[in-house]
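# Inside the fold
What follows is the residue order along each chain.
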Amino acid sequence: MRRIDTALPGVCIVEPQAYGDHRGYFMETYSTRAFEQIGITAVFVQDNQSFTAQKGTLRGIHFQNAPMAQAKLVRVTRGAVMDVAVDLRRGSPTYRQWAAVELSAGNKRMLYLPRGFGHGFRTLTDDVEFCYKVDNLYGVTSHIYRSTL
């Protein structure tokens, strides 16, 4: 695993190592040990998956307030998205600042968002499968912000 920090403290891109040959590839998408080695110690308790049929669909920006706040590890298993993290921690020096990264089945990148960050994406292709791990059980989405992506 390789960690690439973004401009937002704690939000980072995770690049897994894929081992390929003529048959395809194998990669670990999550390992407690590998994630601890790159500084991510969240204990994930739930996996989620969504499907979006049409290119250009906007999903988000979603986040949960305490006590339902969630850290998230997000990735795309089919298609591609432009994924956006927004700092929604009042009092933070980067409050309301955002970072974006392209996630796709092809680049295999993941994005880690600590608690307190909003999250959303816009599909860049049709037929997008989006998967994410969370460190707290599902709660009611607290706020949806509209922004220009």
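Use the structure listed above.
So, here is what we can say about the structure in this document. (Residues numbered from 1 in each chain as written. Predicted model: local features only at pLDDT ≥ 70, side-chain atom pairs only at ≥ 80, totals over all residues. Heavy atoms only, no water.)

## Structural notes on the overall build of the chain
When helices and strands are tallied, the chain shows one helix and 13 strands. For the chain, the succession of helices and strands along the chain, N to C, is β-β-β-β-α-β-β-β-β-β-β-β-β-β. Here the C-alpha atoms of the chain give a radius of gyration of 15 Å, agreeing with the 15 Å that 2.2 N^0.38 yields for 149 residues. Principal-axis analysis of the C-alpha atoms gives the chain an extent of 50 × 35 × 30 Å. A total of 149 residues make up the chain; the buried ones form 40% of that total. Long-range pairs, those at least 24 residues apart, make up 78% of the contacts in the chain with a sequence separation of at least 6. Counting every atom, the chain has about 8400 Å² of accessible surface; 49% of that belongs to carbon and sulfur. In the chain, the 18 positive side-chain charges and the 13 negative ones have mean positions that sit 5 Å from each other. (Helix = DSSP H or I, 4+ residues; strand = E, 2+ residues; numbered from the N terminus. Rg over C-alpha atoms; globule rule 2.2 N^0.38 Å. Buried < 20%, exposed > 50% of the residue type's maximum accessible area, 1.4 Å probe, protein only. Contact = heavy atoms within 4.5 Å. Areas by Shrake-Rupley, 256 points an atom, 1.4 Å probe, with all protein chains shown as cover. Lys, Arg positive; Asp, Glu negative; His and termini not counted. Charge placed at Lys NZ, Arg CZ, Asp CG, Glu CD.)

## Comments concerning the side chain of Ser-92
You can see Ser-92 is positioned in the loop between strand E8 (80–87) and strand E9 (98–104). A polar contact is formed between the side chain of Ser-92 and the side chain of Asp-87, at a distance of 2.7 Å. (Polar contact = N/O pair within 3.5 Å; in protein donor to acceptor, adjacent residues only side chain to side chain.)

## Overview of the packing of aromatic side chains
Following the criterion strictly, the structure yields four aromatic pairs and no others. Note on Tyr-30 and Phe-35: the rings are 4.9 Å apart at their centroids and 45° apart in plane angle, and the pair reads as tilted. Taking relative accessible area as the criterion, Phe-35 reaches 1% and is therefore assigned buried. Ring geometry for Tyr-30 versus Phe-44: centroids 5.4 Å apart, planes at 80°, classification edge-to-face. Within this pair, whereas Tyr-30 is found in the loop between strand E4 (24–27) and helix H1 (32–37), its partner Phe-44 is found in the loop between H1 and strand E5 (46–52), the two being separated by 14 residues in sequence. By relative accessible area, which is 16% here, Phe-44 ends up buried. Pairwise contacts between aromatic rings join Tyr-30, Phe-35 and Phe-44 into one cluster. (Phe/Tyr/Trp six-rings, centres within 6.5 Å; stacked < 30°, edge-to-face > 60°.)

## A few points about the environment of Thr-52
Assignment of secondary structure puts Thr-52 in strand E5. Its relative accessible area of 3% is what places Thr-52 among the buried residues. In sequence terms Thr-52 and Asp-126 are 74 residues apart; their C-alpha atoms lie 7.2 Å from each other. If near-sequence neighbours (up to four positions away) are discounted, Thr-52 is found in contact with Thr-57, Arg-59, Phe-121, Thr-123, Asp-126, Asp-127 and Val-128. Looking at Thr-52, its side chain comes within polar contact range of the side chain of Arg-59, at 3.1 Å.

## Focus: a nonpolar patch on the surface
Taken together, the side chains of Val-43, Val-45 and Leu-137 present a nonpolar region at the surface, about 290 Å² in accessible area. With respect to the helices, strands and loops of the structure, Leu-137 is situated in the loop between strand E12 (128–134) and strand E13 (143–144). (Patch = residues over 30% accessible without salt bridge, like charges linked within 9 Å, V, L, I, M, F, W, Y side chains within 5 Å. Salt bridge = Lys/Arg side-chain N within 4 Å of Asp/Glu carboxyl O.)

All quantities given are derived from atomic positions and should not be read as evidence of function.
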